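Read off the chains here:
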Amino acid sequence: MAGPQYLAEPARRIKSVRLGGITALFHRPSARTHLVGSPVPEILDALQETAMDANALLTFLQDRYEVADADPASLAARLAELEAAGLVRVA
Amino acid sequence: MSARLVVETLREPARCERYDAAQWNALIAAARAEQIIGTLACRLDGLSLPVAAKRILDDARALAEVGRTLALWEAEAARRALAPLGVPVLLLKGTAFVAAGLKAGVGRSIGDLDILVPRGALDSVQDALLAAGWEWVKPDPYDDAYYRQWMHELPPLIHRDRDRMIDVHHTILPLTARITPDADAIIADSEALQNGLRVPQPNDLLCHAAAHLFADGEMLGGVRNLWDIHCLLEELGTDGLEARARLHGLHHHVMRAVRLSHDLYGTDIPIDWRVRDPADALFKRRLLARDGWGRVRPKWIEHVFYLRGHWLRMPPAMLARHLWTKWRKGYHPVG
Amino acid sequence: MRHSVSLKIGPVGFRIGSDWRVPIAALKDLYRDYPAPDDGIADFNVRLFAARFWRRFIRPSVMIGGDYIIPDAAPLPLEMGLLAAEMGMNLQMALGQRRYLLLHASAVVRDGKALLMSGVSGAGKSTLAALLMARGWRLMGDEFALIDPMSGLVYGFPRLISLKNAAIGLMRSTLPQGRFGPLMKATPKGNIRHLVPDAQAIAAMETPARPALILFPTFGHAPAERAVDEAEAFVRLTQASTNFVGLGQAGFDTLTRLVREVPARAIDYPDTESALRLVEDLWSATA
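These numbers come from a predicted model, not from an experiment.

1. A closer look at the overall build of chain C
Then, in step 1: A count of helical and extended segments in chain C gives eight helices and 16 strands.
Then, in step 2: Counting across all 287 residues of chain C, residues that qualify as buried make up 61%.
Then, in step 3: Taking the contacts inside chain C whose residues are at least 6 apart along the sequence as the reference set, 69% of them involve residues at least 24 apart.
Then, in step 4: Entry remark: accessible area of chain C is about 10,000 Å², with carbon and sulfur atoms responsible for 52%.

2. Focus: unusual backbone geometry
Then, in step 1: That bond from Ser 38 of chain A to Pro 39 of chain A is cis: its omega, 10°, falls within 30 degrees of zero.
Then, in step 2: For Pro 39 of chain A, the position within the fold is in the loop between strand S4 (32–36) and helix H1 (40–46).
Then, in step 3: Backbone geometry at Gln 35 of chain B places phi at a positive 55°, although glycine is not the residue there.
Then, in step 4: By secondary structure assignment, the location of Gln 35 of chain B is in the loop between helix H2 (21–33) and helix H3 (37–43).
Then, in step 5: Residue classification places Gln 35 of chain B among the buried residues on the basis of a relative accessible area of 16%.
Then, in step 6: Positioned with a positive phi, Lys 93 of chain B is a non-glycine residue whose angle comes to about 55°.
Then, in step 7: Summarising the element assignment, Lys 93 of chain B is placed in helix H5 (residues 93–99).

3. Here's the deal with helix H1 (residues 2–11) of chain B
All names here are of chain B.
Then, in step 1: Extensive coverage of H1 is indicated by the burial of seven of its ten residues.
Then, in step 2: Within H1, the full set of buried residues consists of Ser 2, Ala 3, Leu 5, Val 6, Val 7, Thr 9 and Leu 10.
Then, in step 3: Elements in contact with the buried residues of H1: H2, H3, helix H10 (222–236), helix H12 (251–265) and helix H13 (279–287).

Each value, and the rule that gives it
Residues numbered from 1 in each chain as written. Chains lettered and ligands numbered in written order. Predicted model: local features only at pLDDT ≥ 70, side-chain atom pairs only at ≥ 80, totals over all residues. Heavy atoms only, no water. Helix = DSSP H or I, 4+ residues; strand = E, 2+ residues; numbered from the N terminus. Buried < 20%, exposed > 50% of the residue type's maximum accessible area, 1.4 Å probe, protein only. Contact = heavy atoms within 4.5 Å. Areas by Shrake-Rupley, 256 points an atom, 1.4 Å probe, with all protein chains shown as cover.

Below is the structure:
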């Protein structure tokens, strides 16, 4: 089961600042701050233009980056968290 | 009475250019107590103000701006959670004013999100919200059968991550058992916003505001409620208001609210609505009962007034360290 | 409010009203060298009031009110009226401050640069700030540090320093010429006594300083220090701020800038002597 397809919040709505190994994101529409580590910035980047479900996204990330422990279930869980935070939405 | 100072300044902003420090202090304290300082700041924008007053009002405006963002995001989060249900979701009160770009929303501070949904959809709305991260404020709402049966809304819900409350109504505030606003008509005649959320049509916004104004016998927040009504009347007019008010059984209250708005804020209303009703004076007195320290005077009952709509929440542990209030049993979010 | 006083602490003006004369008299005395609010207009109002009118006279207890309050807060006995006033002012700052990013931290200045010490109550920020003041550092504040979103500079809030229990005796002997308030015994936090900031602190109360070092002190361990990276400093300071969210993007920008521009270290110390040594060493090395 592929699960829902997600799109990321447009990059112009997010201010991103690197703090050492972590990225701080300010999401303007919600006025909230999120602290995220890889692969979240990569995920948000990937989902800018094209809606993808967890499987498609995993394939995309594996093509682009070196992904350790490629696990669709945990990716699906991350996507659900990002949706709850408002950083991605069901397309 | 400094609530009078707030009213007069809102009505005629240029007066403040003649205020001395004592009047400014009284105005600011009363405006904060009435939760209308953001609106006041927008009204006074551009006038010649003492530096200290301008700073305070600029801060109030900035605060209202962030508050507006947070409130609109709550509405968006609710929209995303409820969209799959396909039921009409109406924004009410401050969030409605702001989302619809109405003058009543300018500088407004907004606390909880209030929405109206069809009564039949209550259960599925509740389930969708719970699935999307909202939680009951009170631990055992199902024990509170009274709440479900008699109240016009679900027991309060709060979002576990964002820590903001949502009130889900299925009708607008019924004032007595004999007054039953027509919730179906409100929903049927509502207007759609671009994002799919809806707001009540203008006369229903007015009827709701009027019902709300008189719901609290002490008229706490009355200065602001009445200002909302004034702004709505000025922007949306009075066509069809009487008929709509009669439909909801609220004619008496709406007419009183309109008269008070004319009296206090100088709202332009039809001549034949400007009748003299002796009870108006009593309501006016209650509305204006704040002194130069923002206290309600005279005090008929013991109460501690608090800022509703104050959306900033401190972690309880941190607040305790700041304030050493070990005696507190439970922390209630302010607003 | 029969009795009242207006005063300014750093850039923040207060108007404090009271049903009783004594707390106002104490404030007027201890804050006598402080200026009045700009234009006579206070940023915040605090009220010390009797919940019921007879509570003014019979076992008088002071309820704390103001522009910003928390409901259900229990009152204090009148002997702790000065403490009630302080709590009232703290509450206004914690809930109502919007112009500056508010950090729960003490701040001192040397050579025009600021040292921020952030930590929970009991970590010793107030005591350390007072000791550094005694050593000639300029005190900015023992409880709150204000960061200006436009410039990134630190602004002080030099209220009366709140000393607890053992720190009282320590500061009395360290600063025998210091001005102290009344001793308040058996408050919820033990014994408390206020120390008035010195002339240097008061004279420069509105002068900001560029932050140069952030310390996270923890009391009660062998002396140690370690670097705190940007992400950890950011998280710890959001927890130490009451208005980070309320400032919206300005809060985010101010805090990310602060942690990227200013080094941060965590220090453990078993006693004040080691703490002061660690502080001086780290200041020389990094600031």
